[in-house]
Amino acid sequence: MDTRDRMEEVGKNIDKHGADHQDGKALLDDYITREEIWACTSCNACTEACPINIDPLAIIVDLRRYAVMEESIAPGSINAMLGNVENNGAPWKYSPADRLNWAQES
Ligand code: SF4
């Protein structure tokens, strides 16, 4: 619904001022908060339930992707997980060489 509100506003601005008009607002932060995009569990229930095939999860995932890849802004727990994936090839903080240590524990 926030996306719809923003699209309606952008449409009105284009009608009034032309296609190049910038109003200085953005969907993320001015309409949808960062807390909202990270609160979603990606369960896809909203997409499954929508009677006219709107996919709200795609919007949420794209906003997350923008926040992480363009702004490098994400919650601390996600930054830690991404760092582990980058350094260890897995979301955990352990070295790949230690991955099978659990099998040797008695
Ligand atoms: S996928 Fe849709 S229904 Fe599921 S938590 Fe996210 S916004 Fe809510």
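Quick caveat, the model's predicted, so the values are computed rather than measured.

All right, on to the overall build of the chain then. Of regular secondary structure, the chain possesses seven helices and zero strands. Sequence-ordered secondary structure for the chain, helices as α and strands as β, is α-α-α-α-α-α-α. Over its C-alpha atoms the chain spans a radius of gyration of 20 Å, topping by over 25% the 13 Å that the globule rule assigns to 106 residues. Principal-axis analysis of the C-alpha atoms gives the chain an extent of 70 × 30 × 20 Å. Sorting the 106 residues of the chain into buried and exposed places 17% on the buried side.

What the largest pocket holds in volume is close to 300 Å³. Around the largest pocket, the lining residues are M1, D2, T3, R4, I32, E36, I37, I54, P56, I59, I60 and L63. Broken down by secondary-structure element, the contributors of at least two residues to the lining of the largest pocket are α1 (2-17), α3 (34-39) and α5 (56-70). With four residues, the single largest contributor to the lining of the largest pocket is α5.

As a further point, take the confidence of the model for the chain. For the chain, per-residue confidence averages 93 on the pLDDT scale, and residues scoring 70 or more make up 100% of the total. Across the chain, element-level confidence peaks in helix α4 (residues 45-49) with a mean pLDDT of 96 and bottoms out in helix α7 (residues 101-104) with 88.

For the rest of this paragraph, the subject is the site of the ligand. Taken together, the residues surrounding the ligand are C40, T41, S42, C43, N44, A45, C46, L57 and I60. For the shell around the ligand, the secondary structure elements donating two or more residues are α4 and α5. In the shell around the ligand, the residues fall into six nonpolar, three polar and no charged.

Rules used in this analysis
Residues numbered from 1 in each chain as written. Predicted model: local features only at pLDDT ≥ 70, side-chain atom pairs only at ≥ 80, totals over all residues. Heavy atoms only, no water. Helix = DSSP H or I, 4+ residues; strand = E, 2+ residues; numbered from the N terminus. Rg over C-alpha atoms; globule rule 2.2 N^0.38 Å. Buried < 20%, exposed > 50% of the residue type's maximum accessible area, 1.4 Å probe, protein only. 1 Å grid on protein atoms, 1.4 Å probe; cavity = no way out; pocket = protein on both sides within 12 Å on 5 of 7 lines; lining within 4 Å. Points joined across faces, edges and corners; volume = space filled by probe spheres on them. pLDDT = per-residue confidence, 0-100. Near = heavy atom within 4 Å. Nonpolar A, V, L, I, M, F, W, Y, C, P; charged D, E, K, R; others polar.

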